[in-house]
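Chain by chain, the residues run as shown.
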Amino acid sequence: MTPRQWAGLLLGRWPVRTPAGRQPLPAAAYVLKPLDTETVCALYDEARRLRLGLGGGGPWLRAHLDPDGVHYLLPNPASYYWPGTRISDAEIGWWQCTALLRMRDGEQVGGLVAVLPETFAALPSTLPRRRQLRLAHRARSTERDAYLWGRDHEAECTPEFCGYVPAATNSAPTTT
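Quick caveat: nothing in here was measured; it's all calculated off a predicted structure.

1. Structural notes on the side chain of Thr98
Here's step 1: With respect to the helices, strands and loops of the structure, Thr98 is situated in strand S5 (residues 95-102).
Here's step 2: Within the structure, the side chain of Thr98 is placed 2.8 Å from the side chain of Asn76, a separation counted as a polar contact.
Here's step 3: Contact partners of Thr98, with chain neighbours within four places excluded, come to Tyr72, Leu73, Leu74, Asn76, Gly111, Leu112 and Ala139.

2. Some points on the sheet that holds strand S2 (residues 71-75)
Here's step 1: Here we have 4 strands laid out as an open sheet, ordered S1-S2-S5-S6, and antiparallel in their pairing. Edge strands, defined here as strands with exactly one partner in the open sheet, are strand S1 (33-35) and strand S6 (108-115). Pairs of neighbouring strands in the sheet enclose a mean axial angle of 30°, with direction left out of account.
Here's step 2: Direction of pairing for S2 relative to S5: antiparallel, over a ladder of 4 bridges. Paired with Tyr72 across the strands is Leu100, a residue of S5.
Here's step 3: This element, helix H5 (residues 129-141), spans S2, S5 and S6 of the sheet and lies at about 85° to S2.

3. Re H5
Working note: α-helix, 3.6 residues per turn, so residues spaced by three or four point in the same direction.
Here's step 1: For H5, with 13 residues, the first-to-last C-alpha span of 18 Å sits near the 18 Å given by 1.5 Å per residue.
Here's step 2: Within H5 the residues assigned to the buried category are Gln132, Leu133, Leu135, Ala136, His137 and Ala139.

4. Here's the deal with the packing of aromatic side chains
Here's step 1: What the rule picks out here adds up to 4 aromatic pairs.
Here's step 2: With 5.6 Å between their ring centres and 65° between their planes, Trp95 and Phe120 make a pair best called edge-to-face. Taken together, the positions of Trp95 in strand S5 and Phe120 in helix H4 (residues 117-122) put the pair 25 residues apart, joining distant regions of the chain.
Here's step 3: Judged by relative accessible area, which is 4%, Trp95 ranks as buried.
Here's step 4: An aromatic cluster of three or more residues is present, and its members are Tyr80, Tyr81 and Trp94.

5. As for the environment of Thr85
Here's step 1: In this fold, Thr85 is placed in the loop between S2 and strand S3 (86-87).
Here's step 2: Among the residues examined, Thr85 registers a relative accessible area of 14% and is labelled buried.
Here's step 3: The spacing of Thr85 and Arg22 is 63 residues in sequence and 9.0 Å in space, taken between C-alpha atoms.
Here's step 4: Those residues in contact with Thr85 that sit more than four places away from it in its chain are Arg22, Ser79, Tyr80, Ala90, Glu91 and Ile92.

6. Structural notes on the side chain of Asp66
Here's step 1: In this structure, Asp66 sits in the loop between helix H3 (58-64) and S2.
Here's step 2: Buried within the structure, Asp66 lacks any salt-bridge partner; its nearest side chain of opposite charge belongs to Arg102, at an N-O separation of 5.1 Å.
Here's step 3: Within the local environment of Asp66, its side chain forms a polar contact with the backbone nitrogen of Asp68, the two atoms lying 2.9 Å apart.
Here's step 4: With residues up to four places along the chain from it excluded, the contact list for Asp66 reads Thr37, His71, Arg102, Met103 and Arg104.

7. Remarks on a positive patch on the surface
Here's step 1: Taken together, the side chains of Arg130, Arg131, Arg134 and Arg138 present a region of like positive charge at the surface.
Here's step 2: Counting through the fold element by element, Arg131 comes out in helix H5.

8. Quick word on the environment of Asp152
Here's step 1: Here Asp152 shows up in helix H6 (residues 146-153).
Here's step 2: With a relative accessible area of 44%, Asp152 lands in the partly exposed category.
Here's step 3: Of note is the side chain of Asp152, whose polar atom sits 2.6 Å from the side chain of Arg144.

Reading guide: rules and limits
Residues numbered from 1 in each chain as written. Predicted model: local features only at pLDDT ≥ 70, side-chain atom pairs only at ≥ 80, totals over all residues. Heavy atoms only, no water. Helix = DSSP H or I, 4+ residues; strand = E, 2+ residues; numbered from the N terminus. Polar contact = N/O pair within 3.5 Å; in protein donor to acceptor, adjacent residues only side chain to side chain. Contact = heavy atoms within 4.5 Å. Pairing = 2+ DSSP bridges. Axes fitted to C-alpha atoms, helices over the stretch in contact; angles between N-to-C directions. Expected span 1.5 Å × (residues − 1). Buried < 20%, exposed > 50% of the residue type's maximum accessible area, 1.4 Å probe, protein only. Phe/Tyr/Trp six-rings, centres within 6.5 Å; stacked < 30°, edge-to-face > 60°. Lys, Arg positive; Asp, Glu negative; His and termini not counted. Salt bridge = Lys/Arg side-chain N within 4 Å of Asp/Glu carboxyl O. Patch = residues over 30% accessible without salt bridge, like charges linked within 9 Å, V, L, I, M, F, W, Y side chains within 5 Å. Areas by Shrake-Rupley, 256 points an atom, 1.4 Å probe, with all protein chains shown as cover. Charge placed at Lys NZ, Arg CZ, Asp CG, Glu CD.

Right under this line is the structure:
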């Protein structure tokens, strides 16, 4: 983490800041949610099904996430994906979320997924605020993402090792 991120963590500041001239996210967005693997996969599937632009992974992601792992999600939109921004005659009505994913080998990597605000709000949040802050800062500062992890894992990725059987059209993970 950068010195500024460390200072924000020590001062207890939520790391997601509203860009200049934009409306802040609602209070329900300033929370980090712990998720199980099935829920994470369902969120990626929903983003792909609704064609929100940030989602995917499909069978590859499901096969490579730690099935018993805890993953974390927080709304963290880039300024160009900030809710209310107009893209192709439509206004963004979803939240770009950063995911901190635990892979089969125990490594934590980053990912991005588009989540509808009502879907995010319906997810339970059971972590104390201080732990949420620490994990939110970690999620935002994680440089290694699921794509890089998948690229490095490709040589050992076999149906016997991780259970993933690539389809003829699958070439690389698309989780970010």
